[in-house]
Amino acid sequence: MPVIVLTKWDMPGDHRTIIPISEISTGNHHSHHSVKGTVIHKGPLVSSSTYHFILKAVIAGDNAEAEGSSINIVILGTLAKDFSQAVNEKDVVIASGYTVGKSPTARKDKRHVCNLLLSGDQAQIHVFWHSPSDLPSSRQAKMKKTSAPPTLLSTPKYKYVKLSDLNAGAVVNVYGVVVFFKQPYKSRGTDFCSSLKITDQSEQKITCTIFCSKPESHPQIFQIGDIVRLHRVKIQPYKDSVTLMNSFGFSALAFSGKVDADTEPRTSSKTFHFTEEDRRTVTELRSWAADQNLMSEDLNVRLSGAQPKTYFNLTCQLLAKAPVHSTCTLLRVWDGTRCPYALLKVTVNANIIEGTTSFSEEREKLIANVLVFDNHVQCTKNLKPGDFLRIFNLRAIPGSIRLPGVRSSQVEEINHLSFHLHGGTAYGRGIRILPDNCTDVQELKRIMKVFHENMELNQPEVNDSAMWDAWNTPPQSPVKGASVEFSTERTCDHELQPVTLSELKHCTPGSFHHVRAQLRSYEPSRLHQVLKLYCSKCQSMQDIPDNKLVSKVFSEASTVPNGPPSPPDWCLSGQVHLPGESEPGPGGRTLNVHLSAQLTVEGRSKELIFLTGCTPLEACHLATTFTNVIPVRSLPGGQLDLLDLSVPFLFRGRKRFYGCKQCSKGAAVREPKADGDNIIDEKKIAEAFGIQLLKFVLLLTFHLQDATDKLDAYLLRESEHFFNVSTEETATKQEVQDRISRTLNYYCPPEGNADERPWLDLCLAAYRTYMDENKKVYFQIKSTRTREL
DNA sequence: GCTTAGGGTTTG
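Predicted, not measured: the structure shown is a model, and the values here were computed from it.

Definitions and limits used
- Residues numbered from 1 in each chain as written.
- Chains lettered and ligands numbered in written order.
- Predicted model: local features only at pLDDT ≥ 70, side-chain atom pairs only at ≥ 80, totals over all residues.
- Heavy atoms only, no water.
- Pairing = 2+ DSSP bridges.
- Helix = DSSP H or I, 4+ residues; strand = E, 2+ residues; numbered from the N terminus.
- Axes fitted to C-alpha atoms, helices over the stretch in contact; angles between N-to-C directions.
- Core = buried A, V, L, I, M, F, W, Y, C linked by side-chain atoms within 4.5 Å.
- Buried < 20%, exposed > 50% of the residue type's maximum accessible area, 1.4 Å probe, protein only.
- Domains from an automatic or database assignment.
- Near = heavy atom within 4 Å.
- Polar contact = N/O pair within 3.5 Å; in protein donor to acceptor, adjacent residues only side chain to side chain.
- Nonpolar A, V, L, I, M, F, W, Y, C, P; charged D, E, K, R; others polar.
- Phe/Tyr/Trp six-rings, centres within 6.5 Å; stacked < 30°, edge-to-face > 60°.
- Lys NZ or Arg CZ within 6 Å of the ring centre and 35° of its normal.
- Salt bridge = Lys/Arg side-chain N within 4 Å of Asp/Glu carboxyl O.

### Quick word on the sheet that holds strand E27 (residues 531-534)
No. 1: In spatial order, the strands read E28-E27-E36; together these three strands make up an open sheet with antiparallel pairing. A strand with exactly one partner marks an edge of an open sheet, and here the two such strands are strand E28 (541-543) and strand E36 (695-698). The average angle at which neighbouring strand axes cross in this sheet is 45°, direction not considered.
No. 2: Bridging between E27 and E28 involves three bridges; their strand directions are antiparallel. Its bridge partner lying in E28, Lys532 is registered against Asp543.

Following this line, the structure appears as structure tokens:
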């Protein structure tokens, strides 16, 4: 039985007699008795292997001063835990269902000769709280859930002084928002010293100096805007103001300052007092601080935003480190972004490197080399590759560097960036390891993952796992099946319970979620608009041009200049006659064509043809005879040129290939080389012409719905997997297009009861896009496929 | 038990 909270004494169904404490004895039968008393002592919740939890308390009757009028009670099991959370000293309780034992401490504590043991189903404690407004909501919530960790002890009351009310000499407790801080650093004395400047609603800014022998006992500040609670700090006069210094019994809690973050305190203390009132204070400080523009002081920058000669804070992952010199350590780090400036390579002897000693050239371009000097060298000794770090007041240094104690190892690289953490602690200079569970690390991991996925998409041949091994994917085991039959199945290995769409809307980006939902509708509704052209270089996405636009560009390109044609010298030029029926207009047409002389000599003239002045349909026609058909136009000087890249540059069988306008500057007609496997394909042609080939991708927006909410999710990266099709085939094969249409029709029938639509079991990734100032969270369908229909 | 520092850029 739990502790039952009452706001008036109405114990339904309880007909026990309340007896005075003095009447308790081992000889009495107490099964129909209850005992009422005020809690005058409440011990800590102690965990026990036998009872799970034990808690001792003392309750006293009305005449508390008299010997034997207070009695020890021992509470075992979950009741102890409930009691710990629901009952405070001075609360009035009624205990029943107890057994009476001899108190072993009666002689010493002058309390009742018996004690009460409360355990098992019969034991009950009713607690009286004066009015409903006395009931903090979480106190009520905890009564139902009983889930708070046992370290949250019930409170002696702490008073917190506003920063405008500090009188020198006193020892006080304060709350504040951090506006400046220095990481703990070794002082000249015996301790580590850390420095804080905090403010609160009184707008006073007060400096705090903390001396503790262990860095972990200092407030765990990660960034400006964090909130601290300091217990037992001494107010000392200094200059025209006061400073706060830790005194005996000092303890500190720190919290994220973000308005929507959880209120989990950061502390190294095993036990601490943290009440609903504390939670409220933190929340109030957060919302006050949100309007104070304190974060403008915050200089967190990503490598993608690093500017030469500037100072900034970098949140990153340590990939490798190398002690270069007694006054200098090299940290090789990455933050999931690409620095727009070339990064300086720093060469050090491989045998002093801890962590990965070499990376592929591609990865090497992403890695920032950080040189850490002087006092910070000591701190790097605790760092391990894989750690997530925040480096404060890092400076981006353009140009070459010379490493201390290393001769001529450095190649001159002008204007390449390296990063220095100079000696000293000015401006909060220092390094901190961020815990894995902090939101900034979660965000960092997400960015790294997105980058990794994009990189894979662009360069599937690059597979340097070393960089990615350092961070872990979630534990992998299958999720238990559900009774509903789903039309899709997840192919991921996340061990996640499904969430509702309304829950999902409040999730943290950079995470995966499982949902069960129906397809309300989808976009685009026309299948040909589902296919997009994607440039893996500039990552742009565009529609496939419609026939009207293609015809227009072809028609504009068919104007023949007056001068004589002047094709390249590797071409053989001639004419083909096309019969008239394929196009409107009088009779047939004669087209200028150009063939590769080399291929013609090799008897391979059917493999490549350039056509001047053709229509799209003619190009398609000829693609049944020639392997590669390339529409071209004549420039005024007679030279051959490619058509505008808004139309296909190559017809190959039934396929059309497109190039990226943005990324194919300087594209021109050049002779494709049939080397190696001797096959001329779109890749070889694009390469010869200097064209960045576009990929076909499928992009759909699913409007999902469940009982709780609606939500949009994109199907992009894994659309092939989802429909079990190849995008290239989708572009050319009717049967593949039909398959996709059938699937979508099944999930979302044009008519019929929406409730009867099949359910989809989906894995969704929640993410933010780069530089999205709205901080909007997007969802993408991952690792999900359609079951056989 | 006492002291440490008292924000405000290296000079690699």
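Having seen the model, we can carry on.
### Remarks on the nonpolar core
No. 1: Counting residues in hydrophobic clusters, the biggest one holds 37 residues, and the most contacted among them are Phe702, Leu704 and Leu764.
No. 2: A domain-level breakdown of this core finds at least three residues from each of domain 4 (488-527 + 698-786) and domain 5 (545-693).
No. 3: Core analysis: the next-biggest nonpolar cluster, separate from the first, contains 36 residues, Phe222, Cys316, Leu366 and Val441 among them.

### A few points about the protein's contact with DNA strand B
No. 1: In the vicinity of DNA strand B there are 27 residues, among which Ser187, Asp374, Asn393, Arg395 and Arg429 approach most closely.
No. 2: When the atoms of DNA strand B within 4 Å of the protein are sorted by group, sugar and phosphate make up 37%.
No. 3: In this structure, Arg188 approaches DNA strand B through a main-chain N or O atom, which is 3.4 Å from a phosphate oxygen.
No. 4: If you list the elements that add at least two residues to the surface near DNA strand B, you get strand E12 (171-186), strand E13 (192-199), strand E14 (205-212), strand E16 (241-255) and strand E22 (388-398).
No. 5: No other element matches the three residues that E12 contributes to the surface near DNA strand B.
No. 6: Here the surface near DNA strand B is built from residues that sort into ten nonpolar, eight polar and nine charged.

### Concerning the packing of aromatic side chains
No. 1: For the structure on display, the rule yields 15 aromatic pairs.
No. 2: One Lys or Arg, Lys186, reaches over the ring of Phe192 and ends 5.3 Å from the middle of that ring.
No. 3: Above the face of the Phe222 ring, Arg266 is positioned so that its terminal group lies 3.8 Å from the ring centre.

### Things to note about the pattern of salt bridges
Opposite charge on two side chains lets them pair, provided their charged atoms get close.
No. 1: Under the defined criterion, the tally for this structure stands at 25 salt bridges.
No. 2: Between Glu728 and Lys655 there is a salt bridge, with its nearest N and O atoms 3.1 Å apart. With Glu728 in helix H16 (residues 727-732) and Lys655 in strand E35 (residues 655-657), this pair connects stretches of sequence that are 73 residues apart.
No. 3: Judged by its relative accessible area of 37%, Glu728 is partly exposed.
No. 4: Beyond isolated ion pairs, a larger network of salt bridges with shared partners links Lys258, Arg390 and Asp440.

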